[in-house]
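Chain residues, written in single-letter form:
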Amino acid sequence: MMKKFRGFTLVEMLVVLAIIGGLAAIAIPVSRSFIAKSHEAGCLTNLRSLGVALQNHLQEHNNIMPDLLIGRESKDQDVAVLETVLVEFLESPAAFQCPADPTEFAKTGSSYHWNHLQSNRNASDLQFFSVRPDSIPLITDKEAWHLGKTNFLFADLSSSNKNRFVAGN
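Here the structure is a predicted model, which is why all the values come from computation and not from measurement.

1. Thoughts on the packing of aromatic side chains
Tallied over the full model, the rule gives two aromatic pairs. Summarising the aromatic geometry, the rings of F128 and F129 are spaced 4.9 Å apart at their centres and angled 65° between planes, so their arrangement reads as edge-to-face. With a relative accessible area of 16%, F128 lands in the buried category. A cation over a ring is seen here: K75 above F105, with NZ or CZ 5.4 Å from the ring centre.

2. Some details on the pattern of salt bridges
This structure, assessed with the given rule, holds five salt bridges. Among the salt bridges present, the one from E40 reaches K37, with a minimum N-O distance of 4.0 Å. Residue E40 and its partner K37 are located together in helix α1 (residues 10-60), separated by three residues, close to a single helical turn. For E40, a relative accessible area of 7% corresponds to the buried category. Here E104 ties to K107 by a salt bridge, and the two come within 3.6 Å at their closest N and O atoms. Within this pair, E104 and its partner K107 are both found in helix α3 (residues 104-108), separated by three residues, close to a single helical turn. On the basis of relative accessible area, E104 is assigned to the buried category, the value being 14%.

3. Describing the confidence of the model for the protein
Mean pLDDT over the protein: 89, with 94% of residues reaching 70 or higher. By mean pLDDT, the top-scoring element of the protein is strand β1 (residues 112-114) (96), and the lowest-scoring one is α1 (88).

4. Things to note about unusual backbone geometry
If you check the backbone angles, N63 has positive phi at about 65° while not being a glycine. Here N63 is to be found in the loop between α1 and α2 (82-85). The class of N63 is partly exposed, set by a relative accessible area of 30%. At L157, a residue that is not glycine, the phi angle is positive and equals roughly 65°. In this fold, L157 is placed in the loop between β3 (152-154) and β4 (159-160).

Quick notes on the rules
Residues numbered from 1 in each chain as written. Predicted model: local features only at pLDDT ≥ 70, side-chain atom pairs only at ≥ 80, totals over all residues. Heavy atoms only, no water. Phe/Tyr/Trp six-rings, centres within 6.5 Å; stacked < 30°, edge-to-face > 60°. Buried < 20%, exposed > 50% of the residue type's maximum accessible area, 1.4 Å probe, protein only. Lys NZ or Arg CZ within 6 Å of the ring centre and 35° of its normal. Salt bridge = Lys/Arg side-chain N within 4 Å of Asp/Glu carboxyl O. Helix = DSSP H or I, 4+ residues; strand = E, 2+ residues; numbered from the N terminus. pLDDT = per-residue confidence, 0-100.

Structure (structure tokens):
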């Protein structure tokens, strides 16, 4: 006796599609969050690399901060900014690109701004309003690319997405 092959019914197919759709609805936001967190971690790593480059610059220049502009509008400008001065202390200019940056690196050569108020200061005599010296931001993201947050490299050469602008000693 031959068995008849029975295919899927319409209801069974709809149930399978609904399950797949539900799983996709859960997976897509979760994967976006994971991607955003990995971009943030990559950016913090870049800031740490820039901190090491800055430390090397300080050692070669008697502990004096570089004289830099906050940034430039285009790669064509030949001015002293992070990406033109600190590049010699880095293995690769890729450290100037935040993984979450969709436009700024391509346009200007860096995803980061320099706190130009610290230019030409002795690293042991930094001042920024009444903020504790170790909490002075030196380098920041140009935009809040990380789920609305901005990453910072502080004067103590630590990096974080939490601001530490605490006044006082």
